[in-house]
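Per-entry structural report
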Amino acid sequence: MRGRGRGNRALPVFRAAAGACGVALMGVGVWAAWRGDDPQDPWQVVQWLAGAVLVHDGVVVPLTLLAGLVVVRLRARRAVRAGLLVAASLTAVAYPVLFRPGVPQNPSVLPLDYLRNWLLLLGLTAAVTAATVLVRAWARRLREGPRDS
Amino acid sequence: MKLPLQRLRRPSLRLPGLPFPSFSGRLHDARTATAVGRLLGAAIAVCFVTGLVSHVLQHPPSLLANSLPSRPSWGYRLSQGLHVASGIAAIPLLLVKLWTVYPRLFARPLVRSVRHALERLSVAVLVASALFELFSGLFNTAQWYPWPFSFVPVHYAVGWLLIGSLLLHLAVKAPDIAAHWRRRSPGTLSLPAEDGPDRRSLLAATGAAVGAVTLTTAGQSLTPLKSLDLLAPRHPDHGELSLPVNRTAARAGVTAEAVRGWRLYVGGPRPYEITLDELRTVPQREATLPIACVEGWSRSARWTGVRVRDLLDRAGAPVGALIRVTSLERHGAYRVMVMPHTYARDPLTLLALRLNGRELPPDHGYPARIIAPNRPGVLQTKWVSRMEAL
């Protein structure tokens, strides 16, 4: 490997320095939450941080993996995976505007018909996915056609 | 070697009662993690820096309290638009990245050494703070606060926790990242070659997801994309006189009764009071400046009014003085706003009386509001009643 000798000496120092900076910045965060200008209850913050991990690792990823078990068996698995990823991302981003409880403070907050827009985008995603699958299948048939006949 | 993971598992390490899943799926590898991770890292870096800019503009450290720059006039619009857009773009990236590395959660032995335990703890902090920052920010843009604590200080503090744990993670993983940085890097070449096309397909899909969430939300600040704004909490065309509103006169407790007989008090060595009719006879200036909100939406508008520095000069206010601006609003964290002299002396900073050619509506701050370049929307004080040199 080129420059290995020099890299071997400099890299550990650089890594250690970066790691130490990281720990220091984490310390800034803990201090800001606990002792900053507007201190908050650290226990509540820890609960929400841990809750985010539990919901993600315990619910979101297992559901994704279950969906994956089905998708890998499909012939058009790559296109379907892409479609599901786009649809899931749009849904995650739309979640607050779709499900926010209560009446917005004024008519310029959440002014759109988000349910309609979200369904429209999911429909569009499904249509693009289906079109991709069909075009690929058609192209494959064109390529393989002469051999079949 | 292409052994399924199950066959590599050593049964002697299995803990009774703890079902460890096995992962035979592909792409839970270091090359995929590196390729997605570097985009995620870039998005988080942009998000952190722009978040810090926003924090400093709103809560300046004493060193900068009277010297924040008032230019470029579109500075805050760009930086806060980027903050929210990079946070939204990071959501698909984070979900794919965490899916890729998920099997490592069940790596055995769970803990090998003190160092290994600390490393796993730092990854837990990284994952928790990344999920929290992206989703708390997203919920904030929709003005939805399901948590019991106050949003701003916690979002700020966890931002430091995120950037710190990310830097530590990069330091720990540097050799792995370097070994998988390119398609031809040694680590990448040691992975099964037949995963290449599948990986490129996943990366393209991730790019499509980032594009989809960006295009359907960026129109709330990037006006040319407003026709694609389908999922953002704001739309540039929704709001009185084509300008969205955060806090209405009713919510601020500013009634028609409260503004009747309104007079502006300007404090300084030669303090004076001035009525709305008198203000209209002072030379009027026009400025095209955006309202750029912390929640990511922004909209440019045409403002007409009196230069703040002209009003201050008449009171004999010192050029370098901090200016305190007080609103008629009854309650709220932004009733009193302190303006560095850099803004107060900027010729674009107005006490605006008109918006887009019409008299200010009550929800936009009638009788008079502040509009200054390069400032967060919450500091563009509405229903102004006093301006004083400190």
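Residues numbered from 1 in each chain as written. Chains lettered and ligands numbered in written order. Predicted model: local features only at pLDDT ≥ 70, side-chain atom pairs only at ≥ 80, totals over all residues.

A separate point is the overall build of chain A. The helix and strand inventory of chain A stands at four helices and zero strands. What you see for chain A is a C-alpha radius of gyration of 25 Å, clearly larger than the 15 Å of a compact globule of 149 residues, by over 25%. When the backbone C-alpha atoms are referred to their principal axes, chain A occupies close to 75 × 65 × 30 Å. The buried share among the 149 residues of chain A stands at 25%. Across chain A, every contact between residues at least 6 apart in sequence was considered, and the portion connecting residues at least 24 apart equals 49%. (Helix = DSSP H or I, 4+ residues; strand = E, 2+ residues; numbered from the N terminus. Rg over C-alpha atoms; globule rule 2.2 N^0.38 Å. Buried ≥ 20, exposed ≤ 12 C-beta atoms within 10 Å, placed from the backbone. Contact = placed C-beta atoms within 7 Å.)

Let's shift gears to the UniProt feature "transmembrane region" (unreviewed entry) in chain B. Residues and elements named next belong to chain B. The UniProt record marks residues 36-58, 78-100, 121-142 and 154-172 with the feature "transmembrane region" (unreviewed entry), using the residue numbering of this structure. Along residues 36-58 one finds 100% helix and 0% strand; the C-alpha atoms at either end are 33 Å apart. End C-alpha atoms of residues 78-100 are separated by 32 Å, and the span's content is 100% helix alongside 0% strand. (UniProt positions renumbered as here; feature names shortened; annotations may be inferred.)

Let's shift gears to the sheet that holds strand E6 (residues 336-339) of chain B. Residue and element names in this part refer to chain B. Taking strand neighbours across the sheet as the criterion, the five strands line up as E2-E1-E10-E5-E6 in an open arrangement whose pairing is mixed. Looking at the sheet topology across the chains shown, the edges are occupied by strand E2 (272-275) and E6. Neighbour-to-neighbour, the strand axes of this sheet turn through a mean angle of 20°, independent of strand direction. As defined by bridge partners, strand E5 (residues 323-327) adjoins E6 across four bridges and the pair is classed as antiparallel. Counterpart to Val-325 in the pairing with E6 is Met-337. (Pairing = 2+ DSSP bridges. Axes fitted to C-alpha atoms, helices over the stretch in contact; angles between N-to-C directions.)

Bringing the domain arrangement of chain A into the picture now. Domain parsing of chain A yields domain 1 (7-40), domain 2 (42-72) and domain 3 (74-149). Taking the mean C-alpha position of each, domain 2 of chain A and domain 3 of chain A sit 22 Å from one another. (Domains from an automatic or database assignment.)

Now for the interface of chain B and chain A. Taken together, the 62 residues of chain B in the interface contact 56 residues of chain A. For the side of chain B that touches chain A, the secondary structure elements donating two or more residues are helix H3 (75-101), helix H4 (114-141), helix H5 (151-179) and helix H7 (196-215) of chain B. Of the residues that constitute the side of chain B that touches chain A, the class distribution is 45 nonpolar, 14 polar and three charged. (Nonpolar A, V, L, I, M, F, W, Y, C, P; charged D, E, K, R; others polar.)

We now examine the pairing of E2(B). Residue and element names in this part refer to chain B. Of the pairings in the sheet, the one linking strand E1 (residues 263-267) to E2 comprises four bridges and is antiparallel in character. Pairing of Arg-263 across the sheet is with Thr-275, part of E2. Between E1 and E2, which pair antiparallel one after the other, the connecting turn spans four residues.

A separate point is helix H2 (residues 30-58) of chain B. The end-to-end C-alpha separation of H2(B) is 40 Å, in line with the 42 Å expected for 29 residues at 1.5 Å each. At B:Gly37, H2(B) shows its largest kink, close to 25°. (Expected span 1.5 Å × (residues − 1). Bend = angle between axes of the 7 residues up to and from the residue.)

Within the largest apolar cluster, 79 residues are counted, with the highest numbers of intra-cluster contacts made by A:Leu90, A:Val93, B:Ala90, B:Ile91, B:Leu93, B:Leu94 and B:Val213. Among all residues touching B:Val213, those that are not within four sequence positions of it are A:Ser89, A:Leu90, A:Val93, B:Ile88, B:Ala89, B:Ile91 and B:Pro92. Judged by nonpolar contacts, the second largest core, of 43 residues, contains B:Ala287, B:Ala317, B:Leu355 and B:Ile371. (Core = buried A, V, L, I, M, F, W, Y, C linked by C-beta atoms within 7 Å.)

This paragraph deals with helix H2 (residues 42-71) of chain A. Residue and element names in this part refer to chain A. Across its 30 residues, H2 extends 42 Å between first and last C-alpha, which sits within 8% of the 44 Å expected from 1.5 Å per residue. Approximately 30° is the largest bend angle found in H2, and it occurs at His-56. Along H2, the positions that sit buried rather than exposed are Val-45, Leu-49, Ala-52 and His-56.

The next subject is the domain arrangement of chain B. Residues and elements named next belong to chain B. According to the domain assignment, chain B consists of domain 1 (5-228) and domain 2 (241-389). A C-alpha centroid distance of 40 Å is found between domain 1 and domain 2. With 24 residues of domain 1 in contact, the opposing surface of domain 2 contributes 21 residues. Breaking the side of domain 1 that touches domain 2 down by element, the ones donating at least two residues are H2, H3 and H4.

Now for the UniProt feature "domain: Oxidoreductase molybdopterin-binding" (unreviewed entry) in chain B. In this numbering, the UniProt entry assigns the feature "domain: Oxidoreductase molybdopterin-binding" (unreviewed entry) to residues 259-389 of chain B. Secondary structure content for residues 259-389 of chain B is 14% helix and 40% strand, and the end C-alpha separation is 23 Å.

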